[in-house]
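Read off the chains here:
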Amino acid sequence: MIDAATRARDLLHDASAAVVLTGAGVSAESGVPTFRGPGGLWKEFRPEDLATPEAFARDPRLVWEWYAWRRTLVGACAPNAAHRALAEWALRSGKVTIVTQNVDGLHARAAREAAGEADPTVALPIEVHGSLLRDRCSGCDARSEPVTVDATSLATLPRCVRCGALLRPDVVWFGEMLDESVLARAGAAAATADVCLVVGTSALVHPAASLPLRTRAHGGVVIEVNPEETPLTRVAEISIRGTAAEIVPMLVGLTA
Ligand code: BJW
Ligand code: ZN
């Protein structure tokens, strides 16, 4: 009997195109809290108070306070063995598209670190929920480098240099549309991959959670890595119960 990890490794090795969908669990071992589950961010904070456009309209100071705290937290974290293994695999094979729901920038950091002097582009993730490390104007939509935020009062919040409206983090909140071209790129990668490797997502938030179904619909295979069952478990050919940093390097690290 070949075990699940060996079968998964062979499928990933033999694939001519692979897509990887990651969620908060891939960064858990870097010290970034997940959203749901024990120790998750939503245990302490209600999403509707913080991660919706209505919340920002109601109390932008509170929302910025939370995001400023998370920026500091993520700034103190580093990519783990799973981010590194995925980046190295993508650079080495040239056949991998990394799609992430995470806004923490750790896949991109791993890609740049793994590439060294070389071009990291093929290992850079498609960030479908945006980035914590970028600002966007709530008025004119212009994107900008993140500023240091003083969230002590409404008057100290950062404003757009062009139009004067409040800046906001460039992330996708509940009820907001994902960027059309970003979602189209992720969808195309999922629809043309032989294998979709899903790592560390509860698969509850759509449309990201539907991407592996695109791979399935085209006859591809779904492999899941997660310590817990998820709604994707029943569509996955192979489900491996374990953490990202212990399992992912084993699946992609030793293959050419
Ligand atoms: C480990 C581990 C370890 C732990 N190793 N694993 C279709 C059906 C139903 C609803 C909808 C639908 N289509 C759209 C909706 C509405 C909504 C939605 O999905 N709601 C559901 C919750 C019911 N979607 C939206 O609103 C989206 N917009 C949209 O569809 O626009 C069109 C539209 C417009 C208007 C009206 C309606 C539709 C936008 C969703 C944006 C999500 N934004 C957030 C916040 C981003 C900014 C920020 O970070 O602050 O994105 S919410 C949050 O959830 C964040 C995450 O990216 C996302 C997913 O969470 P993730 O990554 O799965 O994390 P967790 O914590 O849930 O799971 C962690 C997993 O890791 C667990 O499984 C653990 O077991 C595991 N784990 N340690 C490996 N070491
Ligand atoms: Zn503006």
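Quick caveat: nothing in here was measured; it's all calculated off a predicted structure.

Caption draft 1: The arrangement of the overall build of the protein in detail. The helix and strand inventory of the protein stands at eleven helices and nine strands. Radius of gyration (C-alpha) of the protein: 18 Å, near the 18 Å computed for a compact globule of 256 residues. Overall, the C-alpha framework of the protein stretches about 65 × 40 × 30 Å when taken along its three principal axes. The buried share of the protein, reckoned over its 256 residues, is 50%. Counting contacts in the protein only where the partners sit at least 6 residues apart, residues at least 24 apart contribute 71% of the total. Total accessible area on the protein stands at roughly 12000 Å², and carbon and sulfur atoms take up 55% of it.

Caption draft 2: Geometry of the nonpolar core. The biggest cluster of nonpolar side chains holds 31 residues, and the ones touching the most others in it are Leu197, Leu251 and Val252. Here the element with the most residues in this core is helix 7 (residues 81-93); it accounts for six residues. Counting 23 residues, the second largest nonpolar core, distinct from the first, contains Trp42, Cys77, Val149 and Trp173.

Caption draft 3: Molecular detail of the pattern of salt bridges. What the rule picks out here adds up to eleven salt bridges. For glutamate 176, the salt bridge goes to arginine 168, with nearest N and O atoms at 2.7 Å. Taking the relative accessible area as the measure of exposure, arginine 168 reaches 5% and is therefore buried. For arginine 216, the salt bridge goes to glutamate 237, with nearest N and O atoms at 3.1 Å. Of this pair, arginine 216 sits in helix 10 (residues 211-217) while glutamate 237 sits in the loop between strand 8 (221-225) and strand 9 (238-240), and the two are 21 residues apart along the sequence. Three or more residues are tied together by salt bridges with common partners; here these are Arg134, Arg136, Asp141, Arg143 and Asp170.

Caption draft 4: Seen up close, the coordination of the zinc ion (ligand 2). For the zinc ion (ligand 2), the full set of protein donor atoms is Cys137 (SG), Cys140 (SG), Cys160 (SG) and Cys163 (SG), at a range of 2.3 to 2.4 Å. Each of the four donor atoms around the zinc ion (ligand 2) contributes to a set of angles spanning 97 to 122 degrees, which defines the coordination as tetrahedral. Counting the intervening residues between successive donors of the zinc ion (ligand 2) yields the motif C-x2-C-x19-C-x2-C. You can see cysteine 140 sitting in the loop between strand 4 (130-137) and strand 5 (143-144) and its partner cysteine 160 sitting in the loop between strand 5 and strand 6 (167-171), a full 20 residues away along the chain. For cysteine 160, a relative accessible area of 9% translates into the label buried.

Caption draft 5: Layout of the packing of helix 7 against helix 8 (residues 106-115). At their nearest, the axes of helix 7 and helix 8 sit 8 Å apart, and the two run at 55 degrees to each other. When the interaxial angle is binned, helix 7 and helix 8 end up oblique. Between helix 7 and helix 8 lies a crossing whose hand is right-handed. Residues His83, Arg84, Leu86, Ala87, Glu88 and Leu91 of helix 7 lie in contact with helix 8, whose contacting residues are Leu106, His107, Ala110, Ala111, Ala114 and Ala115. Considering only residue class, the contact of helix 7 with helix 8 consists of eight nonpolar, two polar and two charged.

Caption draft 6: Spotlight on the packing of aromatic side chains. On inspection of all chains with the given rule, the structure shows five aromatic pairs. Geometrically, the ring pair formed by phenylalanine 56 and tryptophan 173 is tilted, given 5.5 Å between the ring centres and 35 degrees between the ring planes. With phenylalanine 56 in helix 5 (residues 53-58) and tryptophan 173 in the loop between strand 6 and helix 9 (180-192), this residue pair connects regions lying 117 residues apart in the sequence. The same class applies to phenylalanine 56 as to tryptophan 173, namely buried. Arranged with centres 5.0 Å apart and planes meeting at 75 degrees, the rings of tryptophan 66 and tyrosine 67 form a pair that is edge-to-face. Both residues of the pair, tryptophan 66 and tyrosine 67, count as buried. An aromatic cluster is built from Phe35, Trp42, Phe56, Trp66, Tyr67 and Trp173, whose rings are joined through pairwise contacts. In this arrangement the basic side chain of arginine 70 is found over the ring face of tryptophan 66, its NZ or CZ atom lying 4.5 Å from the centre.

The rules behind these values
- Residues numbered from 1 in each chain as written.
- Chains lettered and ligands numbered in written order.
- Predicted model: local features only at pLDDT ≥ 70, side-chain atom pairs only at ≥ 80, totals over all residues.
- Heavy atoms only, no water.
- Helix = DSSP H or I, 4+ residues; strand = E, 2+ residues; numbered from the N terminus.
- Rg over C-alpha atoms; globule rule 2.2 N^0.38 Å.
- Buried < 20%, exposed > 50% of the residue type's maximum accessible area, 1.4 Å probe, protein only.
- Contact = heavy atoms within 4.5 Å.
- Areas by Shrake-Rupley, 256 points an atom, 1.4 Å probe, with all protein chains shown as cover.
- Core = buried A, V, L, I, M, F, W, Y, C linked by side-chain atoms within 4.5 Å.
- Salt bridge = Lys/Arg side-chain N within 4 Å of Asp/Glu carboxyl O.
- Donors = N, O, S within 2.8 Å, 3.2 Å for Na, K, Ca; no water.
- Tetrahedral: all angles 85-135°; square planar, octahedral: opposite > 155°, others 65-115°.
- Axes fitted to C-alpha atoms, helices over the stretch in contact; angles between N-to-C directions.
- Parallel < 35°, antiparallel > 145°, perpendicular 65-115°, else oblique.
- Left-handed = near helix turned anticlockwise from the far one by under 90°.
- Nonpolar A, V, L, I, M, F, W, Y, C, P; charged D, E, K, R; others polar.
- Phe/Tyr/Trp six-rings, centres within 6.5 Å; stacked < 30°, edge-to-face > 60°.
- Lys NZ or Arg CZ within 6 Å of the ring centre and 35° of its normal.

Taken by themselves, the reported measurements are silent on function.
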